[in-house]
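# Observations on chain architecture
So you can see what is in the structure, the chains are spelled out below.
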Amino acid sequence: SRLYKKCLGCLVGGIIGDAMGAPTEGKRLDEIEKQFGWVDDFESGGTDDTLLRDILARSLIRTSGYATIDDWAEDWLDAWDEIYGPKQQRFFISVLHTARRLLVHGEPRMAALGNIPCSSSAMCIAPVGLINACFPAQAAAQATHLASLINVQDASFCQDGAAIVAAAVASACCTNATVVSILQDAVSHIPTTSGARMLAGVEQALDAIRGRDYASFRKHAHDQAERFFQLQKANSLETVPLTLALFSLAEGELERCVTYAANFGRD
């Protein structure tokens, strides 16, 4: 079916993006250009992006789509050997912190306390968009809830980042989806007051691409690092707005978007 193909494309596309971006993760532009030139293929085994996403997919399958943070936490503990296995160094510290707290204390709603901001929930949340295909509001609500397993309180904007990605994926499942409609649906369900920081970041990134191609936008963003980047590279206040900007620049075309991201630098 059309929906099956969209779901398969999303999941496989995520694996490709993870593999292509892994070698350049955290690097500066000069480092990428010196070491790789221009990245347009992949041989990497990827990062925790795919591992954490697949744990979430298992939770959604097991619960017929109704996974809560309790369900996801249970599957984190079942996947302990994956998180604290050969790719442990790839997992962001907030994910490792959550997993350890779940093991020791066991209460999912308390596991994220003290975690620093990260992109971990946004990077793995796509299956929530698929399970809520064509219903961005539901996708955003479930993503916000699930993302509270990793970031809360002063880092709750990371929940907004996850909600944006999930809503965008749900919107992309619609038969009449366009780049414009997906971008609109992505941010439509973020609370305007509590989510003001994330919404401002998205607006700034999308404004910055007007009249620019990829190369000039990339240079502009790095030249204006104090505006577009956060102190911690893996921070959804940085990564989610830039992702939407690259998606728009690529006109929604998967290969271009993934390649743009892999060559952008940082996270």
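Residues numbered from 1 in each chain as written. Predicted model: local features only at pLDDT ≥ 70, side-chain atom pairs only at ≥ 80, totals over all residues. Heavy atoms only, no water.

## Looking at the layout of surface pockets
Considering only enclosed or pocket space, the second largest pocket measures out at about 230 Å³ in volume. Every residue lining the second largest pocket is counted, 15 residues in all, and those nearest its centre are E25, R90, F92, A234 and D267. When contributions to the lining of the second largest pocket are tallied by element, the ones reaching two or more residues are α3 (48–62) and α7 (120–124). Class assignment of the residues belonging to the lining of the second largest pocket gives a composition of 4 nonpolar, 5 polar and 6 charged. (1 Å grid on protein atoms, 1.4 Å probe; cavity = no way out; pocket = protein on both sides within 12 Å on 5 of 7 lines; lining within 4 Å. Points joined across faces, edges and corners; volume = space filled by probe spheres on them. Helix = DSSP H or I, 4+ residues; strand = E, 2+ residues; numbered from the N terminus. Nonpolar A, V, L, I, M, F, W, Y, C, P; charged D, E, K, R; others polar.)

## Some details on a negative patch on the surface
Taken together, D40, D41, E43, E253 and E255 make up a surface patch of like negative charges. Tracing the sequence through the fold places E253 in the loop between α15 (236–249) and α16 (254–262). (Patch = residues over 30% accessible without salt bridge, like charges linked within 9 Å, V, L, I, M, F, W, Y side chains within 5 Å. Areas by Shrake-Rupley, 256 points an atom, 1.4 Å probe, with all protein chains shown as cover. Salt bridge = Lys/Arg side-chain N within 4 Å of Asp/Glu carboxyl O. Lys, Arg positive; Asp, Glu negative; His and termini not counted. Charge placed at Lys NZ, Arg CZ, Asp CG, Glu CD.)

## A few points about the packing of aromatic side chains
Applying the stated criterion across every chain yields a total of 6 aromatic pairs. Considering the side-chain rings of W38 and Y214, the 6.0 Å spacing of their centres and the 75° angle between planes classify their relative orientation as edge-to-face. Taken as a pair, W38 in the loop between α2 (29–35) and α3 and Y214 in helix α13 (residues 214–223) lie far apart in primary sequence, 176 residues in all. Residue classification places W38 among the partly exposed residues on the basis of a relative accessible area of 41%. (Phe/Tyr/Trp six-rings, centres within 6.5 Å; stacked < 30°, edge-to-face > 60°. Buried < 20%, exposed > 50% of the residue type's maximum accessible area, 1.4 Å probe, protein only.)

## Digging into the state of the cysteines
In a disulfide, the sulfur atoms of two cysteines are covalently bonded to one another. Tallied over the entire structure, the rule returns 0 disulfides. As a non-bridged cysteine, C257 has C10 as the owner of its nearest cysteine sulfur, 12 Å distant. Owing to a relative accessible area of 17%, C257 belongs among the buried residues under this scheme. (Disulfide = S-S within 2.5 Å.)

## Notes on the pattern of salt bridges
Tallying each qualifying case throughout the model produces 12 salt bridges. The partner of E238 in a salt bridge is R266, with the nearest N and O atoms 2.6 Å apart. Of the two residues, E238 sits in helix α15 while R266 sits in the segment after α16, which places them 28 residues apart along the sequence. Here the two residues E238 and R266 agree in accessibility, since each one is buried. Here the salt bridges share partners, and the residues they tie into one network are R28, D30 and E31.

## What to know about α16
The periodicity of an α-helix, 3.6 residues per turn, causes residues three or four places apart in sequence to face the same way. Regarding α16, the residues found buried are C257, V258, T259, Y260 and A262. The elements touched by buried residues of α16 are α1 (2–21), α2, α13 and α15. (Contact = heavy atoms within 4.5 Å.)

## Concerning the side chain of S148
Tracing the chain through its elements places S148 in the loop between α9 (136–147) and α10 (157–172). Given the relative accessible area of 13%, S148 is considered buried. Looking at S148, its side chain comes within polar contact range of the main-chain oxygen of H145, at 2.5 Å. Leave out the neighbours within four places in its chain, and S148 touches I69, A112 and Q159. (Polar contact = N/O pair within 3.5 Å; in protein donor to acceptor, adjacent residues only side chain to side chain.)

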